[in-house]
Amino acid sequence: MLFVCLGNICRSPAAEMIFNALLAERGLQGRIRCDSCGVAAYHVGQKPDSRMLAALKRAGIPYNGHRGRQFSPADFDAFDLIIPQDTTNREDILCQARKSEDAAKVVPMSRWFPADTGLDEVPDPYYGGPHGFDLVVELLRAACTALCEDLAARGR
């Protein structure tokens, strides 16, 4: 499972850490490989944004030592499911798909949003204040919970 956003310092590492925390709560750590990356190389090697780390800490999600990395076509071979956080990320990933099987692995995060969100993508909190980071963490927790349930129902 690979979560993808623009720079890999806000949304996708948050999704990765939240999903890994949910796996640990369910005793499933190690059964599903989970990572995150960005479509751009802006923050390769960097820690997640301090505001996102603070929002995750407030939500009880531990920092896992993540460092930013950029998406590569090799990720299509390494992961069964690639989850972009917004429409632009999805388009950027699909442009790198080498075959239809690659493209079939790309499923937007919004697929697992609660019906009442009214959103079709994870908003980028980068240019806003702390409240936006908390909202993204809340949205990702709900979506990652639904994703865990979906995977469990499919026997993964």
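Thresholds, definitions, all that
- Residues numbered from 1 in each chain as written.
- Predicted model: local features only at pLDDT ≥ 70, side-chain atom pairs only at ≥ 80, totals over all residues.
- Heavy atoms only, no water.
- Salt bridge = Lys/Arg side-chain N within 4 Å of Asp/Glu carboxyl O.
- Helix = DSSP H or I, 4+ residues; strand = E, 2+ residues; numbered from the N terminus.
- Buried < 20%, exposed > 50% of the residue type's maximum accessible area, 1.4 Å probe, protein only.
- Pairing = 2+ DSSP bridges.
- Right-handed = clockwise from strand over helix to strand, strands pointing away.
- Axes fitted to C-alpha atoms, helices over the stretch in contact; angles between N-to-C directions.
- Parallel < 35°, antiparallel > 145°, perpendicular 65-115°, else oblique.
- Left-handed = near helix turned anticlockwise from the far one by under 90°.
- Contact = heavy atoms within 4.5 Å.
- Nonpolar A, V, L, I, M, F, W, Y, C, P; charged D, E, K, R; others polar.
- Core = buried A, V, L, I, M, F, W, Y, C linked by side-chain atoms within 4.5 Å.
- Arc of directions from axis to C-beta.

### Here's the deal with the pattern of salt bridges
By the definition in use, this model includes nine salt bridges. Salt-bridge contacts for Arg 11 lead to Asp 86; the nearest nitrogen and oxygen are separated by 2.9 Å. Here Arg 11, found in helix α1 (residues 11-25), pairs with Asp 86, found in the loop between β3 (82-84) and α4 (87-94); they are 75 residues apart in sequence, far enough to count as distant. Among the residues examined, Arg 11 registers a relative accessible area of 2% and is labelled buried. Note that Asp 35 and Arg 69 form a salt bridge whose closest N and O atoms lie 3.1 Å from each other. Taken together, the positions of Asp 35 in strand β2 (residues 35-38) and Arg 69 in the loop between α2 (50-58) and α3 (75-78) put the pair 34 residues apart, joining distant regions of the chain.

### Things to note about the pairing of β2
Side chains Asp 35 and Cys 37 of β2 all project onto a buried face; the interleaved residues Ser 36 and Gly 38 project onto the opposite face, where all are buried too. Summarising the sheet, strand β1 (residues 2-5) and β2 pair through four bridges and their orientation is parallel. Counted as the bridge partner of Cys 5 is Gly 38 from β2. The parallel pair β1 and β2, bridged by α1, forms a crossover whose chirality is right-handed.

### Some remarks on the packing of α1 against helix α6 (residues 130-153)
Viewed as axis vectors pointing N to C, α1 and α6 meet at an angle of 50 degrees, and their least axial separation amounts to 9 Å. Comparing their axes, α6 and α1 come out oblique. For the element pair α1 and α6, the recorded crossing hand is right-handed. In this structure, α1 contributes Arg 11, Ala 14, Ala 15, Ile 18, Phe 19, Leu 22 and Leu 23 to the contact, and α6 contributes Val 136, Val 137, Leu 140, Arg 141, Cys 144, Thr 145, Leu 147, Cys 148 and Leu 151. Taken together, the residues of the contact of α1 with α6 sort by class into 13 nonpolar, one polar and two charged.

### A look at the nonpolar core
Core analysis: the largest hydrophobic core is formed by 35 residues, its most contacted members being Met 1, Phe 3, Phe 19, Met 109 and Leu 147. Broken down by secondary-structure element, the contributors of at least two residues to this core are α1, α2 and α6. If near-sequence neighbours (up to four positions away) are discounted, Phe 19 is found in contact with Met 1, Phe 3, Ile 32, Cys 34, Cys 144, Leu 147, Cys 148 and Leu 151. Formed by 10 residues, the second largest nonpolar core is a distinct cluster that contains Val 39, Phe 76, Phe 79 and Val 106.

### Here's the deal with α2
Owing to its 3.6 residues per turn, the α-helix brings residues three or four apart onto one side. If you check which residues of α2 are buried, you get Met 52, Ala 55 and Leu 56. Viewed along the axis of α2, the buried residues span an arc of 100 degrees, placing them on a single side of the element. Opposite the buried face of α2, by more than 90 degrees, sit the exposed residues Ser 50 and Lys 57. Contact partners of the buried residues in α2: α1 and α6. Gly 60 sits one or two positions beyond α2 and adopts a positive phi of about 80 degrees.

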